[in-house]
Amino acid sequence: MLYKLHQCLSQHSFIHYNNLFCNRIKRQISISKTVLALPPNSVMYVFDRNSKLLQRERAAQAPDVNVYDYIKDEVGYRLSDRIFDIKRKFKRALDLGCGRGYISKYILKESVDELVLADLSPSWLEQAQSSEGVKVVKKILDEEEFSLEPESFDFVVSCLSLHWVNDLPGCFSRIMNCLQKDGVFMAAVFGGDTLYELRGSLQLAELERDGGIAPHISPFTEIRDIGSLLTRAGFSMLTIDTDEIVIGYPSIFELMWDLKGMGENNAAKNRKLHLKRDTLLAASAIYDEIYGKLKDDGTRYMPATFQIIYMVGWKPDESQPKPIERGSGEISLKDIYRIDEIVKGKTKVKLTDEDK
């Protein structure tokens, strides 16, 4: 049985949602007073790492595990393409949270001599692939809590794994510690706009059916925070950009099934373990009504957005280019519109006898 959108978005729902929002703001204000009293560098444990390990192990044991690698394979390919932009051959590299080798199978021997594959899931680590000619070492390692020898790598890469880390600032600091001077850190994580369609549909359906909402989609890092966290860890010459991958699904059920197959199902500590059938059916109807689209052949599909944040940071070194000292500029920004005239006036051309 399908539920119409106007039934889910009744006037009572909006009034209840406003009241719920106001109450939540009041709770946040009261909580913020307590948070201010916490010691510095405190970690808020949002994710259950043991549950995430079990989810990855369960996904690895599926007979059709290859079917669900399409997003991570695509992001791994795009991330590996950025490695070729760095004109250097790395002696020892670390693939942190390697999964099933989403990026390691694209890293060539022309770029890396030795590659260390590390992941929390032993089954994923065993299934991880690599390209021919690269020396590979596999190591079971928790991305959230790991200890490596200082300056033991000149390149660290991570593909769609660090968004499940509770202590992301601490993780960045440990990566900085294990990098050599002028070493490179490159990673891709899911951004805050990931699965916003699914998140909104579940919230509206649950608000109407149960009178409140629960977190069914894990929170993701915003792109504006990545730069601050990398700078806080000590990285320099940052490059941060974002991309979106939109995939169409027949219904909400195929989307949720694929997320489970990827090992990307919810692992928040305060997650709701049971979702009622009528709530899920209502969410499916809302999803289709708000976001559903038509193909050329007339069939409907539900788009799901995956926002990818790419980041590159370098460990500081004396050999790296440095910004010009403050106040040493000779041209004001207000004169930028006449830059060609200024350059011609400052350039002196000596003519040879042949030019005269």
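This is a predicted model, so every value here is computed, not measured.

Draft legend 1. The side chain of His216, seen in detail. As for its placement among the helices and strands, His216 is situated in the loop between α7 (196–210) and α8 (223–233). Given the relative accessible area of 16%, His216 is considered buried. At a separation of 3.0 Å, a polar atom in the side chain of His216 contacts the side chain of Glu206. In contact with His216, not counting residues within four places along its chain, are Leu202, Glu206, Asn266, Lys272 and Leu275.

Draft legend 2. Molecular detail of α8. Within α8, the full set of buried residues consists of Ile226, Gly227, Leu229, Leu230 and Ala233. Viewed along the axis of α8, the buried residues span an arc of 165°, placing them on a single side of the element. Away from its buried face, by an angle of more than 90 degrees, α8 presents the exposed residues Arg224 and Arg232.

Draft legend 3. Broad picture of the environment of Val134. Among the structural elements, Val134 can be located in the loop between α5 (122–127) and β3 (135–140). Take Val134: its relative accessible area is 10%, and that puts it in the buried class. Along the sequence, Val134 and Lys105 sit 29 residues apart, while their C-alpha atoms lie 9.8 Å from each other. Discounting residues that sit within four places of it in the chain, Val134 has contacts with Ile107, Leu108, Lys109, Val112, Asp113 and Leu115.

Draft legend 4. Highlighting the pattern of salt bridges. Following the criterion strictly, the structure yields 21 salt bridges and no others. Close ionic contact of Lys322 with Glu318 constitutes a salt bridge, the shortest N to O distance being 3.8 Å. Here the two residues Lys322 and Glu318 agree in accessibility, since each one is exposed. One network of salt bridges, with partners in common, ties together Arg49, Arg56, Asp119, Asp142 and Glu143.

Draft legend 5. Seen up close, the nonpolar core. Ranked by size, the top nonpolar core spans 54 residues in total, and within it Val75, Leu198, Leu255, Phe306 and Ile308 carry the most contacts. For this core, the element with the highest residue contribution is strand β8 (residues 300–314), accounting for seven residues. Formed by 28 residues, the second largest nonpolar core is a distinct cluster that contains Leu96, Val165, Leu179 and Phe185.

Draft legend 6. Geometry of the layout of surface pockets. Taken as a whole, the second largest pocket encloses approximately 770 Å³ of empty space. Around the second largest pocket, the lining comprises 30 residues; the ones closest to its centre are His216, Met256, Lys260, Asn265 and Asn266. Listed by contribution, the elements that provide at least two residues to the lining of the second largest pocket are α3 (49–60), α7 and α9 (252–262). In terms of residue count, α9 provides more of the lining of the second largest pocket than any other element does, five residues in total. Here the lining of the second largest pocket is composed, by residue class, of 17 nonpolar, eight polar and five charged.

Draft legend 7. Region of interest: the packing of aromatic side chains. Counted under the stated rule, the structure contains ten aromatic pairs. Ring geometry for Phe90 and Phe155: centres 4.5 Å apart, planes at 15°, overall stacked. Here the residue Phe90 occupies a position in strand β1 (residues 90–96), and Phe155 occupies one in strand β4 (residues 153–159), the gap between them amounting to 65 residues. Each member of the pair, Phe90 as well as Phe155, carries the same accessibility label: buried. Summarising the aromatic geometry, the rings of Phe190 and Phe306 are spaced 6.0 Å apart at their centres and angled 45° between planes, so their arrangement reads as tilted. With a gap of 116 residues between them, Phe190 in strand β5 (residues 179–190) and Phe306 in strand β8 connect regions that are remote in the sequence. Owing to a relative accessible area of 2%, Phe306 belongs among the buried residues under this scheme. What links up through ring pairs into an aromatic cluster is the set Phe172, Phe185 and Phe235. Lys52 extends its terminal NZ or CZ atom over the ring of Trp164, reaching a point 3.6 Å from the ring centre. The ring centre of Phe146 lies 5.6 Å from the NZ or CZ of Arg174, which sits over that ring.

Procedures and definitions
- Residues numbered from 1 in each chain as written.
- Predicted model: local features only at pLDDT ≥ 70, side-chain atom pairs only at ≥ 80, totals over all residues.
- Heavy atoms only, no water.
- Helix = DSSP H or I, 4+ residues; strand = E, 2+ residues; numbered from the N terminus.
- Buried < 20%, exposed > 50% of the residue type's maximum accessible area, 1.4 Å probe, protein only.
- Polar contact = N/O pair within 3.5 Å; in protein donor to acceptor, adjacent residues only side chain to side chain.
- Contact = heavy atoms within 4.5 Å.
- Arc of directions from axis to C-beta.
- Salt bridge = Lys/Arg side-chain N within 4 Å of Asp/Glu carboxyl O.
- Core = buried A, V, L, I, M, F, W, Y, C linked by side-chain atoms within 4.5 Å.
- 1 Å grid on protein atoms, 1.4 Å probe; cavity = no way out; pocket = protein on both sides within 12 Å on 5 of 7 lines; lining within 4 Å.
- Points joined across faces, edges and corners; volume = space filled by probe spheres on them.
- Nonpolar A, V, L, I, M, F, W, Y, C, P; charged D, E, K, R; others polar.
- Phe/Tyr/Trp six-rings, centres within 6.5 Å; stacked < 30°, edge-to-face > 60°.
- Lys NZ or Arg CZ within 6 Å of the ring centre and 35° of its normal.

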